[in-house]
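In case you want the letters, here they are:
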Amino acid sequence: MLLEVILEADVNCPRCAKLEPLLRRICDELNISFTVKYVGNRAVAAHEDSIVSHTFSPEWVERYGLSEHKRKLKKIMPVLIYLQRIGAQTTPNVIIRWHDGIRMKEIVIRGFDPNSEYAKSYISNLYSLLKTLRKVVYRR
């Protein structure tokens, strides 16, 4: 069985810098594998896009977007094209992967604002989710 947490971060992202030690502490406490993957144009592997960068494409909106998104696609198309052209990244991204005995599953959580009134809830919800997944994956 497998359960892992990957933090996609940018080296100059202050939100990433604040989230990393909190997430590392949670993973250490729960004995869950934790990795930081640096993305963006300052990363060693700068050619790698973040896992959520594809959500800026019109193709993604057409295929997976809500009907409301699809209706507004023509209006937001210039923005999507611009975001793709500049290689827009959204960090931090928390990727939680696990194997349920049949196949790999994944949850991607985009963004974190340490100055938000919801920052503590965000961290406690992540802790609860990881603790529950750990029990399910390892059956204990």
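Here, every reference points to the structure presented above.
Within each chain, residue numbers correspond to sequence positions counted from 1 in written order. Residues qualify for local features only when their pLDDT is at least 70, as the model is predicted, and side-chain atom pairs are given and counted only at 80 or more; totals for whole chains, interfaces and linings, by contrast, use all residues. The basis for every side-chain value is the complete set of non-hydrogen atoms in the structure, without hydrogens or water.

Draft legend 1. Spatial organisation of the overall build of the protein. Counting from the N terminus, the helices are the DSSP runs of H or I reaching at least four residues and the strands are the DSSP runs of E reaching at least two. Per the secondary structure count, the protein includes four helices and four strands. Working rule for contacts: check all heavy atoms of both residues, and any pair within 4.5 Å makes them a contact. Taking contacts inside the protein between residues at least 6 apart in sequence as the whole, the part at least 24 apart equals 66%. Carbon and sulfur atoms make up 53% of the accessible area of the protein, which amounts to about 9000 Å² in all. Areas reported as accessible are Shrake-Rupley estimates using a 1.4 Å probe. Residue values count occlusion only from the protein chains shown.

Draft legend 2. Examining the pairing of strand β3 (residues 93-99) more closely. Residue exposure (1.4 Å probe, protein chains only): buried if accessible area is under 20% of the type maximum, exposed if over 50%, otherwise partly exposed. A large share of β3 lies buried, amounting to five of its seven residues. Of the strand pairs in this sheet, strand β1 (residues 3-9) and β3 are connected by six bridges, and their pairing is antiparallel. If you follow I6 over to β3, its bridge partner there is I95. At least two bridges found by DSSP between two strands are what make those strands a pair. As defined by bridge partners, β3 adjoins strand β4 (residues 104-110) across seven bridges and the pair is classed as antiparallel. Among the inter-strand pairings, H99 is bridged to a residue of β4, identified as M104. Counting the residues between successive antiparallel strands, the hairpin from β3 to β4 contains four residues, one of them, G101, with a positive phi of roughly 95°.

Draft legend 3. Spatial organisation of the sheet that holds β1. With respect to topology, four strands assemble into an open sheet ordered β2-β1-β3-β4, the strand pairing being mixed. Two strands bound the open sheet, and with one partner strand each, they are β2 (33-38) and β4. Within the sheet, the average angular offset between the axes of one strand and its neighbour, ignoring direction, is 20°. Between N-to-C directions, angles cover 0 to 180 degrees, with each direction set by a line fitted to C-alpha atoms, over the stretch in contact for helices. Strands in contact with helix α4 (residues 119-138) are β1, β3 and β4; relative to β3, the strand with the most contacts, it is inclined by about 15°.

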